[in-house]
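The residues making up each chain are set out below.
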Amino acid sequence: MTGTSFRTGTTVAAGLAALAAATALAAPAGATGTRVGVDPGISFGSATNYGTGCGYDIDGYVDDPSAPVVFYDNTVPFAFAYPSGGLAQAHWIPATPGPHRLQIVQHSRPGDDVFPYVDVTVGVGLLTGSGCAVTN
């Protein structure tokens, strides 16, 4: 009986190990961008804090710490980054005044993509050395 019990225990253990390996190799959950933000830094203006020719840091929060993230400005890709943990970062210098939709995409399986965005208005920027003065 002890020999049979040992073999059954070994078989169960081997089965559990195979199940654990199969689970680890299963398709990953869909990678998704969850939030995007833009830091105005030391920019200032009466109508907006974002100006042409001035640089801003974009934060893309994602739920997959390893899949690449693409950053878009009005549907045009401008940066590509790998996240560190759940945060991917890029630098953005708007070229034109007006409305801008900044989005991130962390591609996943087809149909699972989420496109978080933030809408900002960009004015005409004038670099001041440490920041940016923005006019309409």
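Look a little higher up for the structure.
Being a predicted model, the structure only gives us computed values, none of them experimental.

A. View of the side chain of Gln106. Relative to the helices and strands, Gln106 resides in the loop between β8 (98–105) and β9 (117–127). Its relative accessible area of 0% is what places Gln106 among the buried residues. Within polar-contact distance, the side chain of Gln106 engages the backbone oxygen of Asp64 at 2.7 Å. At 2.9 Å, the side chain of Gln106 forms a polar contact with the backbone oxygen of Ala67.

B. Main features of the environment of Ala133. Among the secondary structure elements, Ala133 is positioned in strand β10 (residues 132–135). Overall, the relative accessible area of 19% leaves Ala133 in the buried class. Separated by 10 residues in sequence, Ala133 and Gly123 place their C-alpha atoms 9.4 Å apart. Excluding anything up to four places from it in sequence, Ala133 contacts Phe44, Val124, Gly125, Leu126 and Thr128.

C. Focus on the pattern of salt bridges. This model, assessed by the stated rule, comprises one salt bridge. Of the charged contacts in the structure, one is a salt bridge between Arg101 and Asp119, with a shortest N-O distance of 2.7 Å. Of the two residues, Arg101 is situated in strand β8 and Asp119 in strand β9; the sequence distance between them amounts to 18 residues. Residue class for Arg101 comes out partly exposed when judged on its relative accessible area of 32%. What makes Asp119 partly exposed here is its relative accessible area of 46%.

D. Just the nonpolar core, in detail. Val38, Tyr50, Tyr56, Ile58, Phe71, Trp92 and Val120 are the most contacted members of the largest nonpolar core, which has 20 residues in total. Where this core is concerned, the elements lending two or more residues are β1 (33–39), β4 (56–62), β5 (69–73), β6 (76–81), β7 (87–92), β8, β9 and β10. With near-sequence residues (within four places) excluded, Ile58 lies in contact with Val36, Gly37, Val38, Phe71, Phe78, Ala88, Gln89, Ala90, Trp92 and Leu102.

E. Geometry of the state of the cysteines. What the rule picks out here adds up to one disulfide. Bridging Cys54 to Cys132, the disulfide has an S-S length of 1.9 Å. Disulfide Cys54-Cys132: torsion about the S-S bond near 60°, hence right-handed. Of the two residues, Cys54 sits in the loop between β3 (50–51) and β4 while Cys132 sits in strand β10, which places them 78 residues apart along the sequence.

F. Seen up close, the environment of Tyr56. By the secondary structure assignment, Tyr56 is in strand β4. You can call Tyr56 buried: its relative accessible area is 1%. C-alpha separation for the pair Tyr56 and Trp92, spaced 36 residues apart in sequence, amounts to 5.2 Å. When residues no more than four places from it in sequence are discounted, the contact partners of Tyr56 are Val38, Asp39, Pro40, Ser43, Asn49, Tyr50, Gly51, Ala90, His91, Trp92, Pro94 and Cys132.

Procedures and definitions
- Residues numbered from 1 in each chain as written.
- Predicted model: local features only at pLDDT ≥ 70, side-chain atom pairs only at ≥ 80, totals over all residues.
- Heavy atoms only, no water.
- Helix = DSSP H or I, 4+ residues; strand = E, 2+ residues; numbered from the N terminus.
- Buried < 20%, exposed > 50% of the residue type's maximum accessible area, 1.4 Å probe, protein only.
- Polar contact = N/O pair within 3.5 Å; in protein donor to acceptor, adjacent residues only side chain to side chain.
- Contact = heavy atoms within 4.5 Å.
- Salt bridge = Lys/Arg side-chain N within 4 Å of Asp/Glu carboxyl O.
- Core = buried A, V, L, I, M, F, W, Y, C linked by side-chain atoms within 4.5 Å.
- Disulfide = S-S within 2.5 Å.

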